Amino acid sequence: MEIKALIAQTVEEAVKKAFPGVETGLSYEALLEVPPDSKMGDFAFPCFRLSKALRMAPPMIALKLGEAIDKPELCRAENVNGYLNFFLNRENFARDTLQKVMAAPEKWGSGEEGRGKTACVEYSSINIAKRFHLGHLSTTVIGNSLKRIYDFQGWNTVSINHLGDWGTQFGKMIAAYKRWGNKEEVEAGGVDEMTRLYVRFNQEAQDNAELEDEGRAWFKKIEDGDPEALEIFHWFKDVTLKDAMRVYDILGVHFDSYAGESFYADKTDRIVRELEEKNLLRESDGAKIVDLSEYDMPPCLILKSDGATLYATRDLAAAIYRKETYHFDQSLYIVAYQQDLHFRQFFKVLELMGYDWARDQCKHVAFGMVSYEGQGLSTRKGVMIYLDELLQKAQEKALEIIREKSPNLPNKEEVARQVGVGAVVYATLQNNRIKDIDFRWDRALNFDGETGPYVQYTFARCGAVLRKAGELDAAPDYGALTDDEAQAVLRLLARFPEDVRAACRTNEPYMVTRAVTDIAKAYNKYYYEHRILEGEAAAQAARVQLTDAVRAVIKTGLYLIGMEAPERM
Ligand code: ARG
């Protein structure tokens, strides 16, 4: 339990003991204050908040509560002017915290909340025949982090890349390929060549109506399983995925399933039939819809007038498929906030179909927009940032900085990769999801601000301290860790498991980013104000153990947000 909660519990027990039978209805934890000067204690409880319920003057309450507290191993309490000031037993707290962390350093922060439960985590979900651009960075990075956090909390996770690989544009692309394309050019040019073909198709189709028919015919062939159409279609997919894989590899992102929209295209009949049977389908201009006006939403489109399915139809099929296949307890969709309405609509349709699980198990984990150096992203207006190029640039920029800062580092390229990619990941997970992000190089790669490189640097610094310390055979004297700076670090280490748990419950990776950043800052403050490898051997051993624990927890935190931890920087 976090130290503040332990003190709050102590207050609560004292109230029960000193004033039996009184219910105050107060949250003691919320009332605990941190005195401006640690000479006045680590925490203070203002007793006047109890005087109404207890019908007693605050100084008297403080006196009685003080007498009721007998926990020397945790703290001592002094009453001053109606306040109960708590002085932690700092040595015990240091011993207790470090022994707990060091018992299994790489597991500190893990949990059992998800034991026996399954979470589907859908993220990235890129579109076939389109370049992987900055617009898909957040979903990829947030999803990867959430998957790791859920795993760490004991969940069985299934990571899904719901590929955008269905729609008439694929028919058009094949038609264009058959007319003007060739195998070598697509192999060599990849997604760019497919885009070129598609753009040409749309241009020429303006004066040549036949083309549209050709496109439609090819899409029909895909739908009907024509071997040639399928072969080209699958090949387009492979080429796109090969490009995407490079990005996934650099980011350390993996998927258990790539079942995308096309996978569900033949599973929508059942949805339509079910909607019909449950009397939920309405005709509207020849199309079939589910009316949602009762829920203040526009109708959910199920079938076009030509009988073609829609995005929502395939999502309905996918949700039910995932439930029946994975038996999830949670199904997360890491998708931009712009699709909020879509998710509310199809979740509601699932509910109306009688799938009650949709209400509390399906979650749209939304996030804000990304801009780049102050410019919004757009396909049309030209600012198009491709993820492979961005990550490449990040590594180059990091290499420049490292060359300058650490000319003697042997593995500069490797570290530049870890730092450059880490800087991008960190910048993406720095704030709560819904906040828009403006990605800026000078901010992301600043080694001194609240950045990825800063946290990584602290990790490397801990490693350097440990290497310098070598083997110490003295048993740690935890009395050496009672200063404010060491205690600040210890408190953050102690609460790390709660931070991870909160990140998991709220699907907010930034809570882990925040936690590691705070630990890094607190440790650096400690590092500057104290000599770790001086004085008594036992005191050194304690400071080194603190360093060791910080190093382990930063490593875990970085892993959970999807960053690597360079040994040296
Ligand atoms: N491919 C879509 C896009 O890039 C995102 C898919 C989101 N997932 C879903 N199940 N609808 O916008």
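For the structure, check the block above.
Residues numbered from 1 in each chain as written. Predicted model: local features only at pLDDT ≥ 70, side-chain atom pairs only at ≥ 80, totals over all residues. Heavy atoms only, no water.

Undergrad: Before we go on, may I ask you to explain the overall build of the protein in this structure?
TA: Looking only at helices and strands, the protein has 23 helices and 13 strands in total. Seen through its C-alpha atoms, the protein measures out along the principal axes to roughly 90 × 65 × 40 Å. A buried classification covers 54% of the 569 residues belonging to the protein. The contacts of the protein with a sequence gap of at least 6 include a subset with a gap of at least 24, amounting to 74%. (Helix = DSSP H or I, 4+ residues; strand = E, 2+ residues; numbered from the N terminus. Buried < 20%, exposed > 50% of the residue type's maximum accessible area, 1.4 Å probe, protein only. Contact = heavy atoms within 4.5 Å.)

Undergrad: Before we go on, may I ask you to explain the side chain of E274 in this structure?
TA: Relative to the helices and strands, E274 resides in helix α13 (residues 269-277). For E274, a relative accessible area of 10% translates into the label buried. Within the structure, E274 has its side chain in polar contact with the side chain of Y355 (distance 2.5 Å). Filtering out sequence-adjacent residues up to four positions away, E274 remains in contact with M353 and Y355. (Polar contact = N/O pair within 3.5 Å; in protein donor to acceptor, adjacent residues only side chain to side chain.)

Undergrad: When you look at the site of the ligand in this model, what are you seeing that I'm missing?
TA: Taken together, E122, S125, N127, H136, H162, Y311, D315, Y333, V335, Q339 and F343 make up the full set of residues adjacent to the ligand. The side chain of N127 places a nitrogen or oxygen atom 2.8 Å from a nitrogen atom of the ligand. Here an oxygen atom of the ligand sits 3.1 Å away from a polar atom, N or O, in the side chain of Q339. The protein chains hide 87% of the 350 Å² of surface that the ligand would expose on its own. Its residues assigned to classes, the shell around the ligand comprises four nonpolar, five polar and two charged. (Near = heavy atom within 4 Å. Areas by Shrake-Rupley, 256 points an atom, 1.4 Å probe, with all protein chains shown as cover. Nonpolar A, V, L, I, M, F, W, Y, C, P; charged D, E, K, R; others polar.)

Undergrad: How should I be thinking about the sheet that holds strand β12 (residues 375-376) in this particular structure?
TA: Pairing between the strands of a sheet is mediated by backbone hydrogen bonds and can be parallel or antiparallel. With respect to topology, three strands assemble into an open sheet ordered β12-β11-β13, the strand pairing being mixed. Unpaired on one side and paired on the other, β12 and β13 (437-439) mark the two borders of the sheet. In the sheet, strand β11 (residues 370-372) pairs with β12 via two bridges, with the strands oriented antiparallel. From the neighbouring strand, S371 faces β12, where its bridge partner is G376. (Pairing = 2+ DSSP bridges.)

Undergrad: What am I meant to see in the packing of helix α20 (residues 452-469) against helix α22 (residues 510-529) here?
TA: Two elements in contact, α20 and α22, have axes separated by 9 Å at closest approach and are oriented at 45 degrees. As far as their axial angle goes, α22 and α20 are oblique. In terms of crossing hand, the pair formed by α20 and α22 is left-handed. Touching Y454, V455, T458, R461, C462 and V465 of α20 are V516, T517, A520, K521, Y523, N524, Y527 and Y528, all from α22. Here the contact of α20 with α22 is composed, by residue class, of nine nonpolar, three polar and two charged. (Axes fitted to C-alpha atoms, helices over the stretch in contact; angles between N-to-C directions. Parallel < 35°, antiparallel > 145°, perpendicular 65-115°, else oblique. Left-handed = near helix turned anticlockwise from the far one by under 90°.)

Undergrad: Explain the nonpolar core here, please?
TA: Side chains that are nonpolar tend, in soluble globular proteins, to be buried together. F45 and L481 are the most contacted members of the largest nonpolar core, which totals 152 residues. Sequence-distant contacts of F45, that is, excluding residues within four places in its chain, are made with V11, Y28, L31, L32, L50, G82, Y83, L84 and F86. Core analysis: the second largest hydrophobic core is formed by 35 residues, I302, I320, M353 and A358 among them. (Core = buried A, V, L, I, M, F, W, Y, C linked by side-chain atoms within 4.5 Å.)

Undergrad: Help me understand the state of the cysteines in this model?
TA: The term disulfide refers to a covalent linkage connecting the sulfur atoms of a pair of cysteines. If you walk through the whole model with that rule in mind, you get zero disulfides. Just so you know, C120 is unpaired, no disulfide at all, and the nearest cysteine sulfur is the one on C362, 9.0 Å from it. (Disulfide = S-S within 2.5 Å.)

Undergrad: Got a minute to help me understand helix α21 (residues 484-506) in this structure?
TA: Count 3.6 residues to each turn of an α-helix, and residues three or four apart come out pointing the same way. With 23 residues, α21 extends 31 Å from end C-alpha to end C-alpha; this agrees with the ideal 33 Å at 1.5 Å per step. A maximum bend of about 45 degrees is found in α21 at R495, where proline P497 lies one to four positions downstream. A distance of 3.2 Å separates the backbone nitrogen of E485 from a side-chain oxygen at the start of α21, and that oxygen is part of D483. N507, located one to two residues past α21, shows a positive phi value of around 55 degrees. (Expected span 1.5 Å × (residues − 1). Bend = angle between axes of the 7 residues up to and from the residue.)

Undergrad: Help me out: how do you make sense of the packing of aromatic side chains in this one?
TA: Note on aromatic pairs: each is described by the distance of the centres and the angle between the planes. The final tally for this structure, using the stated rule, is 28 aromatic pairs. Here W166 and F233 contribute two aromatic rings whose centre-to-centre distance is 6.4 Å and whose plane-to-plane angle is 75 degrees, an arrangement assigned as edge-to-face. Taken as a pair, W166 in the loop between β5 (156-160) and α7 (168-180) and F233 in helix α11 (residues 227-251) lie far apart in primary sequence, 67 residues in all. We classify W166 as buried; its relative accessible area is 13%. (Phe/Tyr/Trp six-rings, centres within 6.5 Å; stacked < 30°, edge-to-face > 60°.)

Undergrad: What is the right way to read the packing of helix α5 (residues 90-103) against α21 from this model?
TA: Closest axis-to-axis distance for the α5/α21 pair is 10 Å, and the angle between their directions is 40 degrees. Put simply, α5 runs oblique to α21. Where α5 crosses over α21, the handedness of that crossing is left-handed. Taking contact as the criterion, the partners of R90, F93, A94, T97 and L98 in α5 are, on α21, D484, Q487, L490, R491, L493 and A494. By residue class, the composition of the contact of α5 with α21 is six nonpolar, two polar and three charged.

Undergrad: Just checking my understanding: could you explain the pattern of salt bridges for this structure?
TA: Pairing is possible between side chains that carry opposite charge, provided their charged atoms lie close to one another. Tallied over the full model, the rule gives 49 salt bridges. Ionic pairing is found between E2 and R495, a salt bridge with its closest N-O pair at 3.9 Å. Residue E2 is found in the segment before α1 (3-18), and its partner R495 is found in helix α21; the two are separated by 493 residues along the sequence. On the basis of relative accessibility, which here comes to 30%, the residue R495 falls in the partly exposed class. A salt bridge links K288 to E283, with the shortest nitrogen-to-oxygen separation between them at 3.1 Å. Overlapping salt bridges bring together R131, D192, D243, R246, D388 and E389 as one network. (Salt bridge = Lys/Arg side-chain N within 4 Å of Asp/Glu carboxyl O.)

Undergrad: Sorry, what's going on with the environment of H162 here?
TA: Structurally, the position occupied by H162 is in the loop between β5 and α7. Sequence separation between H162 and T556 is 394 residues; the distance between their C-alpha atoms is 28 Å. With residues near it in sequence (within four places) discarded, H162 still touches E122, S125, I126, A259, G260, E261, Y264, D315, A318 and R322. At a separation of 3.1 Å, a polar atom in the side chain of H162 contacts the side chain of R322.

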